[in-house]
Amino acid sequence: MTSNERFQLVDVKIEDRICFITMNNPEKLNCLSDAMCRDMVEALHYGYSEQCVAIVIRANCRKGVWSAGHDIHELPQDGSDPLAYDVPMERMLHRVQEVAIPVIACVDGSVWGGACDLCLSCDMIVASENATFAITPAKIGIPYNASGIMHFVNQLGLNKAREMFFLATPIEARDALNVGLINRVTTADKLESELESHFLAPLRRNSVMSVSAIKRQFRILSKASSVIPSEGFERINAYRTRVYKGADYIEGINAFLEKRAPNFKGKASDLDTNPF
Ligand code: LCV
């Protein structure tokens, strides 16, 4: 079976020891649907098992959108956690972080929600100057999750991470470069040559065993953070549960699908009372 026959929503090709994964569901703005996330996980396994030295994630954009993030139609409305550790999108993000060769996001469009976390899960990002990045749970009434928030804090610093989460508005590629969200910005016509010359050529020359050992160390060390008492995690879980079981979450989803502005009624003080 050729590499592509096994995938529905991504195109996968291996060229000169690099695995190129292209999200190819432009009709759905490359939404990170369960099916897309499962294809991505499979494609990451394939790239690693074929002894590639790196994986590149691209997208076949439509309407200038690289990926519109989680498929909002698939957000659960049964009171279950939309971003639990083992949901397909989260599993895909973990796999990008864990696959033991560098993963590079090559972005030439707008990136939304979980797709922004996908880019941050990659080891490096090269983007064209028209690319934008937005993390948007606040627009939909979603509480996000601790590992995702720490992703942004560790990569961008507290100040920019708060701005992106609280405002839920896109930041431009130049701004993203300045805060360390992305590694390189280039004009759209030079994106591929920049990817090749700055990233892929050195990765082909370097010892993939050494690079892999270093990535594995990065992964372990990045989890070394100040210990949070278990009570802290219980409180995080309580806040998150109250939000995704609350009215704003359902209102945010319905407003998006009905193409109207959401009418959120939740109050910050709703989180003050002890939920137990
Ligand atoms: C399903 C969609 C989507 C979509 N899902 O075109 O980070 S978290 O926690 O929030 C996480 C849970 C997450 O990732 O949530 C999703 C975050 N994504 C977003 O906030 C982006 C939502 N989409 C938009 O803001 C707009 O669609 C953009 C700016 C991407 C494109 O706007 P534009 O006006 O060019 P439309 O909005 O008309 O979208 C075209 C079609 O794609 C659907 C949308 O409902 C519409 O469907 P119909 O043609 O059937 O009306 N669509 C867009 N995004 N994430 N469906």
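Residues numbered from 1 in each chain as written. Predicted model: local features only at pLDDT ≥ 70, side-chain atom pairs only at ≥ 80, totals over all residues. Heavy atoms only, no water.

Bringing the packing of aromatic side chains into the picture now. Across all of its chains, the model carries two aromatic pairs by this definition. Ring geometry for Phe152 and Phe165: centres 4.9 Å apart, planes at 70°, overall edge-to-face. With Phe152 in helix H5 (residues 146–156) and Phe165 in helix H6 (residues 158–167), the pair connects residues that are 13 residues apart, well separated along the chain. Take Phe165: its relative accessible area is 10%, and that puts it in the buried class. Within the aromatic cluster, the residues linked to one another by ring pairs are Tyr144, Phe152 and Phe165. Lying over the aromatic face of Phe20, Lys13 brings its terminal NZ or CZ to 5.9 Å of the ring centre. (Phe/Tyr/Trp six-rings, centres within 6.5 Å; stacked < 30°, edge-to-face > 60°. Helix = DSSP H or I, 4+ residues; strand = E, 2+ residues; numbered from the N terminus. Buried < 20%, exposed > 50% of the residue type's maximum accessible area, 1.4 Å probe, protein only. Lys NZ or Arg CZ within 6 Å of the ring centre and 35° of its normal.)

Moving on, we come to the site of the ligand. In the vicinity of the ligand there are 23 residues, among which Ala68, His70, Ile72, Gly114 and Lys259 approach most closely. Here a nitrogen atom of the ligand sits 2.8 Å away from a polar atom, N or O, in the main chain of Ala68. Within the side chain of Thr136, an N or O atom sits 3.0 Å from an oxygen atom of the ligand. For the shell around the ligand, the class distribution of residues is 13 nonpolar, six polar and four charged. (Near = heavy atom within 4 Å. Polar contact = N/O pair within 3.5 Å; in protein donor to acceptor, adjacent residues only side chain to side chain. Nonpolar A, V, L, I, M, F, W, Y, C, P; charged D, E, K, R; others polar.)

Turning our attention to the pairing of strand E5 (residues 103–107). Within E5, five of the five residues are buried, which leaves it mostly tucked inside the rest of the structure. Of the pairings in the sheet, the one linking strand E3 (residues 54–59) to E5 comprises three bridges and is parallel in character. Within E5, the position partnered with Ile57 by the bridge is Ala105. Where E5 meets strand E7 (residues 124–128), four bridges bridge the pair, whose relative direction is parallel. Across the sheet, the residue bridging to Ile104 is Met124, located in E7. (Pairing = 2+ DSSP bridges.)

The assigned domain composition of the protein chain is domain 1 (3–202) and domain 2 (207–271). Here the C-alpha centroids of domain 1 and domain 2 sit 17 Å apart. Opposite the 32 residues of domain 1 that make contact, domain 2 presents 22 residues. Surface buried jointly by domain 1 and domain 2 totals about 2000 Å² across both partners, of which 61% is contributed by carbon and sulfur atoms. Interface area lost by domain 1 to domain 2 is led by Ile72, Gln77 and Pro143, which between them contribute 24%. Inspection of the domain 1/domain 2 interface yields two salt bridges. (Domains from an automatic or database assignment. Contact = heavy atoms within 4.5 Å. Buried area = accessible area lost by both parts, 1.4 Å probe. Salt bridge = Lys/Arg side-chain N within 4 Å of Asp/Glu carboxyl O.)

For any two helices packed against each other, the geometry comes down to the angle between their axes and how far apart the axes lie. In the contact formed by helix H1 (residues 34–49) and helix H2 (residues 88–98), the axes pass within 8 Å of each other and the chain directions differ by 20°. One way to sum up the angle between H1 and H2 is to call them roughly parallel. The two elements H1 and H2 cross, and the hand of that crossing is left-handed. Facing H1, whose interface residues are Asp34, Cys37, Arg38, Met40, Val41, Leu44 and His45, H2 presents Pro88, Met89, Arg91, Met92, Arg95 and Val96. Split into classes, the residues belonging to the contact of H1 with H2 amount to eight nonpolar, one polar and four charged. (Axes fitted to C-alpha atoms, helices over the stretch in contact; angles between N-to-C directions. Parallel < 35°, antiparallel > 145°, perpendicular 65-115°, else oblique. Left-handed = near helix turned anticlockwise from the far one by under 90°.)

To continue, consider H5. For H5, the set of buried residues is Gly148, His151, Phe152, Val153 and Leu156. On the buried face of H5, the contacting elements are H2, helix H3 (114–121) and H6. Just downstream of H5 lies Gly157, where phi reads positive at about 90°.

As a further point, take the sheet that holds E3. Read across the open sheet, the six strands follow the order E1-E2-E3-E5-E7-E10; overall the sheet is mixed. Pairing within the sheet leaves two strands with one partner each, and these edge strands are strand E1 (10–15) and strand E10 (184–186). Strand after strand, the sheet turns through a mean of 20° between neighbouring axes, direction not considered. Strand direction decides the pairing type here: E1 and strand E2 (residues 18–23), joined by six bridges, are antiparallel. The residue of E2 that forms the bridge with Lys13 is Phe20.

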